[in-house]
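One letter stands for each residue in the lines below.
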Amino acid sequence: MSTVYLEHRDAHHVPGAGSSDEIEAGLQRAAEAIAACDALLFTAGAGMGVDSGLPDFRGTTGLWKDRDVAMTYEDMSDDKWFTEDPAFAWGVNYTQLAMYRKNASHAGYATLLKWANTLGKPYCVWTSNIDGMFQKAGFPNELVTTCHGDMHHLQCSVDSRKCKGLAEDRSDEVWSAEVIPDGLDEEIDPGSLRFIDAPSLDRPCFKCPRCGRLARPNVWFCGDMNYVVRQSTCKQRDGYNKWLWDLQGRQAKLVVIECGGGLAIPSVRIEGEDDVDSCGDGSLLVRFNPNDCKVPSSKGVGIPLGGMRGLALLDAALQKALTPKRSPTRSSLAAPKSKAAAARKPSPAPRKPSPAPP
Ligand SMILES: [Zn+2]
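One structure accompanies this document, and this report is about it. (Residues numbered from 1 in each chain as written. Predicted model: local features only at pLDDT ≥ 70, side-chain atom pairs only at ≥ 80, totals over all residues. Heavy atoms only, no water.)

A separate point is the pairing of strand β11 (residues 300-303). With burial as the criterion, each face of β11 is covered, one bearing Gly300 and Gly302 and the other bearing Val301 and Ile303. Where strand β9 (residues 284-288) and β11 come together, 4 bridges link them in parallel fashion. Bridged to valine 286 within β11 is valine 301. (Buried < 20%, exposed > 50% of the residue type's maximum accessible area, 1.4 Å probe, protein only. Helix = DSSP H or I, 4+ residues; strand = E, 2+ residues; numbered from the N terminus. Pairing = 2+ DSSP bridges.)

Here 3 strands make up an open sheet; going across it, the order is β6-β5-β7 and the pairing antiparallel. In this open sheet, the two edge strands, each paired with only one partner strand, are β6 (174-176) and β7 (215-219). Sheet twist, expressed as the average angle between the axes of neighbouring strands with direction ignored, equals 50°. Strand direction decides the pairing type here: strand β5 (residues 149-156) and β7, joined by 4 bridges, are antiparallel. Within β7, the position partnered with cysteine 156 by the bridge is alanine 215. Docked against the sheet, helix α6 (residues 86-102) engages β5 and β7, running at close to 135° with respect to β5. (Axes fitted to C-alpha atoms, helices over the stretch in contact; angles between N-to-C directions. Contact = heavy atoms within 4.5 Å.)

Around the zinc ion, the protein supplies Cys156 (SG), Cys163 (SG), Cys208 (SG) and Cys211 (SG) as donor atoms, at distances of 2.2 to 2.4 Å. Around the zinc ion, the 4 donor atoms are arranged such that angles at the metal cover 99 to 117°; this shape is classified as tetrahedral. Spacing between the donor residues of the zinc ion along their common chain follows C-x6-C-x44-C-x2-C. Like cysteine 163, cysteine 156 is buried. (Donors = N, O, S within 2.8 Å, 3.2 Å for Na, K, Ca; no water. Tetrahedral: all angles 85-135°; square planar, octahedral: opposite > 155°, others 65-115°.)

For the coordinates displayed, the defined rule picks out 12 salt bridges. Between arginine 216 and aspartate 224 there is a salt bridge whose closest N-O contact spans 2.8 Å. The exposure classification of arginine 216 matches that of aspartate 224, with both residues buried. Among the ionic pairs, glutamate 258 bridges to arginine 287, the shortest N-O distance being 2.6 Å. Taken together, the positions of glutamate 258 in strand β8 (residues 254-259) and arginine 287 in strand β9 put the pair 29 residues apart, joining distant regions of the chain. Comparing glutamate 258 with arginine 287 shows no difference in burial state: the two are buried. (Salt bridge = Lys/Arg side-chain N within 4 Å of Asp/Glu carboxyl O.)

This part is about the side chain of asparagine 289. When you line up the elements, asparagine 289 lands in the loop between β9 and β10 (295-296). Looking at asparagine 289, its side chain comes within polar contact range of the main-chain nitrogen of aspartate 292, at 3.1 Å. Apart from the residues within four sequence positions on either side, asparagine 289 is in contact with Gly260, Gly261, Arg269, Ile303, Pro304 and Leu305. (Polar contact = N/O pair within 3.5 Å; in protein donor to acceptor, adjacent residues only side chain to side chain.)

Closest axis-to-axis distance for the helix α9 (residues 231-249)/helix α10 (residues 267-278) pair is 9 Å, and the angle between their directions is 35°. Taken together, the residues of α10 that come into contact with α9 (itself represented by Tyr240, Leu244 and Gln248) are Glu271, Asp275 and Ser278. Class assignment of the residues belonging to the contact of α9 with α10 gives a composition of 2 nonpolar, 2 polar and 2 charged. (Nonpolar A, V, L, I, M, F, W, Y, C, P; charged D, E, K, R; others polar.)

What follows covers the nonpolar core. One finds Phe42, Trp90, Phe139, Phe206, Ile257 and Leu314 to be the most contacted residues of the largest nonpolar core, which totals 75 residues. Looking at this core element by element, the count peaks at 10 residues for α6. In this structure isoleucine 257 touches Ile34, Leu41, Phe42, Thr43, Leu112, Trp115, Val286, Phe288, Leu311 and Leu314, once residues within four positions along its chain are discounted. Core analysis: the second largest hydrophobic core is formed by 16 residues, Trp243, Ala252, Leu254 and Cys279 among them. (Core = buried A, V, L, I, M, F, W, Y, C linked by side-chain atoms within 4.5 Å.)

If you want it as structure tokens, here you go:
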């Protein structure tokens, strides 16, 4: 639990919806805000993956559940293990990689993608997740900003300055994890999460192609001295920041849909809160979190549901909000001429979306 986050922000937060009536009202407010907004930002933390059958690392579905590993997730999430205990480091990380490859993105991602493709509003994705699920669901890679890297890319386990043979433009600093084959699970002890035999890691796929040292996932671990921020990630972040600054500059209405942003490392929650705070009136943070959906007292709607269920309900509310109102009744047609004329006046053309970031 991040005490710094709570100390500085919690006093300004209000509880999210509690009763079913409050949830319905929250969803309606969210739907109306989406229909009226200028841009959408989809943010997600580990809780978003739970509906896909992925671990949330610290909760009841954590990677540690039913294991014999006597350390916390934070202790495990450290790049020092690739040097001190490679069989454990790769046992844990391969187990995660295999899960991310095997599990499909759930219907909540498809709902977000539908909104992205049909509402005609510019959008971006910002996630702390390393599972690659947004891309698996069909989101273009260039619109998905990751703050912790991802499991589907590899890098050398030592600092780039110590890895010999790096190209001058550093284009080969990070490479695809596709070189690592499926099916190695059987070589990992499910209790200790260690590769049982050290030679498993002698395969070329686990080696840096330049210096021959052990490769590792291009993930920013909790403790990490060697994480490489790859060039494409820098470009994505630049594009994302420029997109956001433009929205802030013109005080546009931004709606942030946040799913599964936890409190342990509240990066996702902070991103959404700051973004709606710095954008214009009518901006709204929609927070789906079954465990803690407190939100800032202004510009926030908290819904105590997981991503998949919450997004399905919000989609239903949104479709209702987007449905044209029924034709005027006979009695309303008999209203004074000026009002009837106003009712027939066509709606303004939809706002042309500004270009998405590169
Ligand atoms: Zn190397």
